[in-house]
Amino acid sequence: IYGVSVDKLMEMNPEIDPYILTVDMQVVIPVETLPPANQTPEPTPVQLPLEGLNCLLDENSGVWCFVWVSNTSDESYENVIVSFNLADLDASEVDAIKEPAPLNVLLAGEKKPVVAYFPGPNPEQFQKSAQFSSAIPYNPESNRYLNAEVSVDSETPLLNNKMLRIEGTYQIKDPASKVMIVAVAYDQNEQIIGLREWQADFSESTIEGSFSIDLSAVSGTIEDYQLFIEAQPADLPN
């Protein structure tokens, strides 16, 4: 159940005869082994770096905060959570929110956006910070998420480049029951100024489809954007 090869077990337990095993015999399991399928993985103490924190006040005095979380390790993770903090200039009032990344998986070498919203009223001038909170190890070989690609057919600027309508298609390697696309808007300084999620759940599995996303900027104008896609299989493996 641990997914460990006999050769690896013998390497860790050279004194044991694999042909003579008893019920109460103790065997050393490699530390890198994934937990059994019937156990819930625990959040890992790994620290993933954050970059590009940008917090913007909207017309309702709410504050949108965007940040990148980068996976600089050789491991992959899921359920990434980031803690955002907002305070007035005197730090007399501090608000904290923990938010998960809109996409579940963060593969080795990737970076993904995370967003948080602080409802108004908030002060026009404020202090901001963000810290990586937790993540759970993810095994890409589990096939709980599918390889998927997105293609853009048209980009239509609206409201003097404060909004961008993005239309296109997606293709998935294997039949999927759920598709999530995240669109991220950048300003001229390559700061995140907007994020929009698009999701589709299917009663019948699919390998392709179309999407339309209206991506808005909290402040400023959209100079560029990026799309991220994630798909879940129709039949999740045990």
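Residues numbered from 1 in each chain as written. Predicted model: local features only at pLDDT ≥ 70, side-chain atom pairs only at ≥ 80, totals over all residues. Heavy atoms only, no water.

Brief notes about the nonpolar core
Then step 1. One finds Ile166, Tyr170, Val179, Ile181, Val184, Trp198 and Phe211 to be the most contacted residues of the largest nonpolar core, which totals 34 residues.
Then step 2. Every element with two or more residues in this core is listed here: β2 (63-70), β9 (163-186), β10 (192-216) and β11 (224-233).
Then step 3. At 13 residues, β9 tops the list of elements feeding residues into this core.
Then step 4. Those residues in contact with Tyr170, other than ones at most four positions away along the chain, are Glu149, Val150, Val179, Ile181, Trp198, Phe202, Ile207, Glu208, Gly209, Ser210, Phe211 and Ile229.
Then step 5. One finds Cys65, Val67, Tyr77 and Phe126 within the second-largest nonpolar core, a separate group that totals 21 residues. (Core = buried A, V, L, I, M, F, W, Y, C linked by side-chain atoms within 4.5 Å. Buried < 20%, exposed > 50% of the residue type's maximum accessible area, 1.4 Å probe, protein only. Helix = DSSP H or I, 4+ residues; strand = E, 2+ residues; numbered from the N terminus. Contact = heavy atoms within 4.5 Å.)

Considerations on the side chain of Glu230
Then step 1. Note on placement: Glu230 falls in strand β11.
Then step 2. Although Glu230 lies buried, it forms no salt bridge, and the closest oppositely charged side chain, Lys112, sits 5.0 Å away as judged by the N-O distance.
Then step 3. Those residues in contact with Glu230, other than ones at most four positions away along the chain, are Leu103, Asn104, Val105, Tyr145, Lys178, Val179 and Met180. (Lys, Arg positive; Asp, Glu negative; His and termini not counted. Salt bridge = Lys/Arg side-chain N within 4 Å of Asp/Glu carboxyl O.)

Some points on the packing of aromatic side chains
Then step 1. In this structure the tally under the stated criterion is 6 aromatic pairs.
Then step 2. Of the aromatic side chains, those joined through ring pairs into one cluster are Trp68, Tyr186 and Phe228.
Then step 3. The ring of Trp68 has Lys111 lying over it, and the distance from NZ or CZ to the ring centre is 4.7 Å. (Phe/Tyr/Trp six-rings, centres within 6.5 Å; stacked < 30°, edge-to-face > 60°. Lys NZ or Arg CZ within 6 Å of the ring centre and 35° of its normal.)

Quick word on the layout of surface pockets
Then step 1. Space inside the second largest pocket adds up to approximately 380 Å³.
Then step 2. Forming the boundary of the second largest pocket are 17 residues, of which Leu107, Tyr145, Leu146, Asn147 and Ala148 lie nearest the centre.
Then step 3. Broken down by class, the residue content of the lining of the second largest pocket amounts to 10 nonpolar, 2 polar and 5 charged. (1 Å grid on protein atoms, 1.4 Å probe; cavity = no way out; pocket = protein on both sides within 12 Å on 5 of 7 lines; lining within 4 Å. Points joined across faces, edges and corners; volume = space filled by probe spheres on them. Nonpolar A, V, L, I, M, F, W, Y, C, P; charged D, E, K, R; others polar.)

Considering the sheet that holds β2
Then step 1. Taken in spatial order, the 3 strands line up as β1-β2-β6 in an open sheet, and their pairing is antiparallel. Strand pairing shows two members of the sheet lacking a second neighbour, β1 (50-57) and β6 (111-118), which therefore form its edges. Each neighbouring strand pair of the sheet contributes to a mean axis angle of 15°, computed without reference to strand direction.
Then step 2. When β2 meets β6, the two strands line up antiparallel, connected through 8 bridges. Bridge pairing links Ser70 to Lys111 in β6. (Pairing = 2+ DSSP bridges. Axes fitted to C-alpha atoms, helices over the stretch in contact; angles between N-to-C directions.)

In short, shape yes, function no, at least from these values alone.
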